[in-house]
Amino acid sequence: SMAGRVGLLGLFKRYGFERLVVFLGVWLSLLAESWRQNQILIPTERESLARLASDLEDDLHDLQGNLGRAQHGLEGASWIIQAKVLEEASGDTMALMLAQMGPCSNLGENTSEYISLKSSGNLNVIRDKDLRQDIVGLYEGRSFLRWWHGLDCTESEAVLDLLAEHVQFGVPPVDRDGPGSENWQLRRHPTIESIPDVRSIFRDRALMNRITRLASMRQALERAIRDEIERTAELQYRANEAAEI
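The rules behind the values
- Residues numbered from 1 in each chain as written.
- Predicted model: local features only at pLDDT ≥ 70, side-chain atom pairs only at ≥ 80, totals over all residues.
- Heavy atoms only, no water.
- Helix = DSSP H or I, 4+ residues; strand = E, 2+ residues; numbered from the N terminus.
- Buried < 20%, exposed > 50% of the residue type's maximum accessible area, 1.4 Å probe, protein only.
- Salt bridge = Lys/Arg side-chain N within 4 Å of Asp/Glu carboxyl O.
- Disulfide = S-S within 2.5 Å.
- Core = buried A, V, L, I, M, F, W, Y, C linked by side-chain atoms within 4.5 Å.
- Contact = heavy atoms within 4.5 Å.
- Phe/Tyr/Trp six-rings, centres within 6.5 Å; stacked < 30°, edge-to-face > 60°.

Caption draft 1: Looking closely at the environment of Arg-238. Note that Arg-238 resides in helix α7 (residues 205-244). Look at Arg-238 and you get partly exposed, because its relative accessible area is 24%. Counting along the chain gives 189 residues from Arg-238 to Leu-49, while the straight-line C-alpha distance between them is 9.3 Å.

Caption draft 2: Main features of the pattern of salt bridges. As enumerated under the stated definition, the model contains 15 salt bridges in all. The partner of Asp-134 in a salt bridge is Arg-238, and the shortest N-O contact between them spans 2.7 Å. With a gap of 104 residues between them, Asp-134 in helix α4 (residues 129-140) and Arg-238 in helix α7 connect regions that are remote in the sequence. A relative accessible area of 36% means that Asp-134 is categorised as partly exposed.

Caption draft 3: Broad picture of the state of the cysteines. Considering all chains together, one arrives at one disulfide under this definition. Disulfide pairing places Cys-104 opposite Cys-153 at an S-S distance of 2.1 Å. Handedness of the Cys-104-Cys-153 disulfide follows from its S-S torsion of about 100°: it is right-handed. Of this pair, Cys-104 sits in the loop between α2 (91-101) and α3 (112-120) while Cys-153 sits in helix α5 (residues 143-163), and the two are 49 residues apart along the sequence.

Caption draft 4: Here's a closer look at the nonpolar core. Core analysis: the largest hydrophobic core is formed by 22 residues, its most contacted members being Ile-80, Met-94, Leu-98, Met-101, Ile-195, Ile-201 and Ile-211. Listing elements by their share of this core, those giving two or more residues are α1 (2-86), α2, α5, α6 (198-203) and α7. Once residues within four sequence positions are removed from consideration, Ile-80 is found in contact with Met-94, Met-97, Leu-98, Met-101, Phe-202, Met-208 and Ile-211. Among the nonpolar cores identified, the runner-up in size contains 17 residues, and Leu-123, Leu-138, Tyr-139 and Leu-235 belong to it.

Caption draft 5: Region of interest: the packing of aromatic side chains. Counted by the stated rule, this structure contains four aromatic pairs. For the pair Phe-144 and Trp-148, a centre-to-centre distance of 5.8 Å together with 80° between the ring planes defines the contact as edge-to-face. On the criterion of helical spacing, the pair formed by Phe-144 and Trp-148 is a turn pair, its members being four residues apart in helix α5. Note on Trp-148: relative accessible area 16%, which makes it buried.

Shape is all these values report; function is a separate question.
Take a look at the structure:
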C-alpha cells in the first residue's frame, strides 16, 4: 500500500542518512589522521634528506681526493712510458714520477643515513618516488666503482713488486703533512731512496708492461670517478632542494 511504501522510504531515508553520517565521520577522521601523520613525517623527511645531503658532501670530498690521485698516477705512469721512448731520464726525476704513479685509493663512502633508512625500512619517508629510487640507485650502484678501485690497487701493488729489483726503498717518515701535500701520496708506499740504473727499468719488459696496464687502469678509473662525482653532486642538489620544500 501507499502508506507502507512511504513508511519504508522513511526508514530508508532515516537509516541511509545515519549511515552516510557515520561514513562521513569515519572518512573525516581518517583524513585528519592522514594530515596529522603528514605533519609529523614532513619534518622527519626534511631532516633525513638534510643528513643524506651531508653524507653526499663527504662522498664528494673523498671522490675529489681519489680523482686527484688517479690523475697524478696517470701523469706519472705516462711520463715513464714517454721517457722510455726518449730513452732519457734522471734518477731523481724517475724516482719522483714513480712515487707519483704508485699510490692507489679506496672508495670511502659515508652511507650512515642511507643504511639507517634502509635497515629500519623507512626509505618511504622520502615521498618523492623518483628521488627515492635515484638515492637507492646511487648507493647500490657503486659496486662497479669499488671494483675499479680494487683493481687499480692490485695493479699498483704489482708494479711495486716488480720495481723492487731496480730501486732502493726506504721507510717513509711517520710525520707527514695533510692530504693536500705531495708527501701525503706516499703514505702507503715506501720512499724510493735511489735508482742505481734508470735504464734497467726501461729494459724490464714485464715492469714496463705493468706500468702501461696501470696507466690504462688509471685512465678508466679517472673517467669512472668523474661520472660518479657528477651523479653524486646532482643527487645532493636534489636532496637539498627537497629538504627545503
